[in-house]
Amino acid sequence: MITLVLFSYNKIMPVALPIEIYDLLEKKVGREEAREVGKILTASLDAIEKKDEAVAIQKKAEIKDELTKELATKEDLAKLEGRLNEKVTTIEGRLNERLTAIDWKLKLYFLILIFVTLLTNKDALVIIGRLTGLIK
């Protein structure tokens, strides 16, 4: 009995050649020739298997190269995270500076408002004194 090998997605699946086919081959070409044809088929299938393995390795290498070009590595992500952290730190510093400036401006505006109120309204000094407990 001759064993044939079928290929499917780089997986080898041995399949036995039915005895009837081998018998028919033996009747048509003779016993020795049938064996020779079997050897040739086996050698051809071995060559196909080797070629299939080589093509599979080449395709895997090509896919790996493509994925390497398209996907971000851990190193790429670490660099991006570092740049984002720098930007966040810069923005936080600017925000703190502006909030400090706004805080001083609000205090100044409040003091000016109190001063103008006291200058323009005589009764305001009495009301503020009573509210703070300085005048009874």
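Residues numbered from 1 in each chain as written. Predicted model: local features only at pLDDT ≥ 70, side-chain atom pairs only at ≥ 80, totals over all residues. Heavy atoms only, no water.

**Q** Can you help me understand the overall build of the protein chain in this one?
**A** Along the backbone of the protein chain there are 4 helices and 2 strands. Listing each helix as α and each strand as β along the protein chain from the N terminus yields β-β-α-α-α-α. Out of the 136 residues belonging to the protein chain, those deemed buried represent 7%. Considering only intrachain contacts with a sequence separation of at least 6, the fraction spanning at least 24 residues in the protein chain is 28%. When the accessible surface of the protein chain is split by element, carbon and sulfur atoms take 64% of a total near 12,300 Å². (Helix = DSSP H or I, 4+ residues; strand = E, 2+ residues; numbered from the N terminus. Buried < 20%, exposed > 50% of the residue type's maximum accessible area, 1.4 Å probe, protein only. Contact = heavy atoms within 4.5 Å. Areas by Shrake-Rupley, 256 points an atom, 1.4 Å probe, with all protein chains shown as cover.)

**Q** Just checking my understanding: could you explain the environment of I128 for this structure?
**A** Looking at where I128 falls in the secondary structure, it is placed in helix 4 (residues 122-132). Taking the C-alpha atoms as reference points, I128 and I114, separated by 14 residues in sequence, lie 9.8 Å from one another.

**Q** Any chance you could explain the pattern of salt bridges here in plain terms?
**A** Side chains bearing opposite charge may pair, as long as their charged atoms lie close to each other. Counted by the stated rule, this structure contains 4 salt bridges. For the salt bridge of K59 with E62, the shortest nitrogen-to-oxygen distance reads 3.8 Å. Placement of both K59 and E62 in helix 2 (residues 31-70) is noted, with a separation of 3 residues, approximately one turn of the helix. Across the pair D103 and K107 runs a salt bridge whose closest N-O atoms are separated by 3.5 Å. Taken together, the residues span about one helical turn, with D103 and K107 both in helix 3 (residues 74-120) at a distance of 4 residues. On the basis of relative accessibility, which here comes to 35%, the residue D103 falls in the partly exposed class. (Salt bridge = Lys/Arg side-chain N within 4 Å of Asp/Glu carboxyl O.)

**Q** How should helix 2 be read in this particular structure?
**A** The terminal C-alpha atoms of helix 2 lie 58 Å apart, and with 40 residues this matches the ideal 58 Å at 1.5 Å per residue to within 8%. Burial in helix 2 covers these residues: A34, G38, L45 and A56. (Expected span 1.5 Å × (residues − 1).)

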